[in-house]
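Spelled out, the chains give:
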Amino acid sequence: MNSRLLILAAAIIAGSTVYAKNIFNCDFEPGKWNKADFIEVKSSRWENVNTFKQEKCHIVNVCPKDATKIDMLSKRAPETYAAMIWKNPIKGNVIIKSTMSFDYRMAPSIVIAEKPGVSKKGFPEFRTHYEVVLFDQGINVWRHWFVNGKQIWKKAAYLKADFKPNTKYELKVQIQFTHRGPVWTVSCGGHEFGFIDDQFPKEFYAGIVACEGVNRFYDFTVDK
């Protein structure tokens, strides 16, 4: 192939490539991220407020030391719940990514939320939001909203696949606003699925949620 054809081929490849512009990137290593970039948020389902603790190369949700793995999946799950969102609202097409891992079975998540409300005790609290949940048997996308002041939730989409505990996975959520509606594409570990949600807001926040066991997060990225 002569040089002119090589230049033409390169131009065609470049023209077909979608370029992402990074607007926020965070590595959860000591000294590489600023907690002030995030807002800690609680669930309206439980009164407790939990947080993340810093480890050598990641952050992890604080879990009860006296709870068994089974307990943290069930009756003591509320004690493991910790969440935080990037403080800046997001508009338009976006790619949200986080590298994560879990112990035993579940359930680190990417959360995408409308502007949080405030709890009775003055703490930021989720209102309508989505949780893209990684666990050992696949990925679930849950939509949470309120009816007459009560939080309810429904599975919006799901993938059945095997994911292993104590293994790093990059969970990626791409949202594109199209003439068909907001199109979600979720990918992780070589698997991908998509769906359309007409109720998705034009402005939103994004972050991470840990629940139902020990969940580790290594980074968090937002690309336009």
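Quick note: structure is the one above.
Once a new chain begins, its residue numbering starts again from 1 and follows that chain's sequence as written. Local features are withheld for residues below a pLDDT of 70 in this predicted model, meaning they are given only at 70 or higher, and side-chain atom pairs are given and counted only at 80 or more; totals for whole chains, interfaces and linings count all residues. The basis for every side-chain value is the complete set of heavy atoms in the structure, and neither hydrogens nor water enter the calculation.

Bringing the nonpolar core into the picture now. In plain words, nonpolar cores are sets of buried Ala, Val, Leu, Ile, Met, Phe, Trp, Tyr and Cys residues tied together by side-chain atoms within 4.5 Å. Each residue is placed in one exposure class: buried if its accessible area under a 1.4 Å probe, protein chains only, is under 20% of its type's maximum, exposed if it is over 50%, and partly exposed if it falls in between. One finds Phe28, Ile112, Val132, Ile139, Trp184 and Phe220 to be the most contacted residues of the largest nonpolar core, which totals 42 residues. Not counting chain neighbours up to four residues away, the residues in contact with Val132 comprise Pro108, Ser109, Ile110, Ile139, Asn140, Val141, Leu171, Val173, Trp184 and Val186. Val41, Ala113, Phe126 and Cys211 belong to the second largest nonpolar core, which has 11 residues in total. Residue contacts are defined here by distance: any two heavy atoms, one from each residue, within 4.5 Å place the two residues in contact.

To continue, consider the packing of aromatic side chains. When the centres of two rings from Phe, Tyr and Trp lie within 6.5 Å, Trp using its six-membered ring, the rings pair. Their planes under 30 degrees apart give stacked, over 60 give edge-to-face, and anything left gives tilted. Enumeration over the complete set of coordinates arrives at 16 aromatic pairs. Each ring, one from Trp46 and one from Tyr81, has its centre 5.5 Å from the other, and the planes form 65°; the classification is edge-to-face. Taken together, the positions of Trp46 in the loop between β2 (38-40) and β3 (52-54) and Tyr81 in the loop between α2 (69-73) and β5 (82-86) put the pair 35 residues apart, joining distant regions of the chain. Trp46 gets classed as buried once you look at its relative accessible area, which sits at 19%. A helix here means a DSSP run of H or I that spans at least four residues, while a strand means a run of E at least two residues long, and both kinds are numbered starting from the N terminus.

What follows concerns the pairing of strand β14 (residues 169-178). The pairing of strand β7 (residues 94-102) with β14 spans 7 bridges and is classified as antiparallel. Looking at β14, one finds that Ile95 is bridged to Gln174. Here β14 pairs with strand β15 (residues 181-188) via 7 bridges, running antiparallel. In the strand pairing of β15, Thr178 is matched with Gly181. Joining the antiparallel neighbours β14 and β15 is a turn of 2 residues. Should DSSP find at least two bridges between two strands, the strands are regarded as paired.

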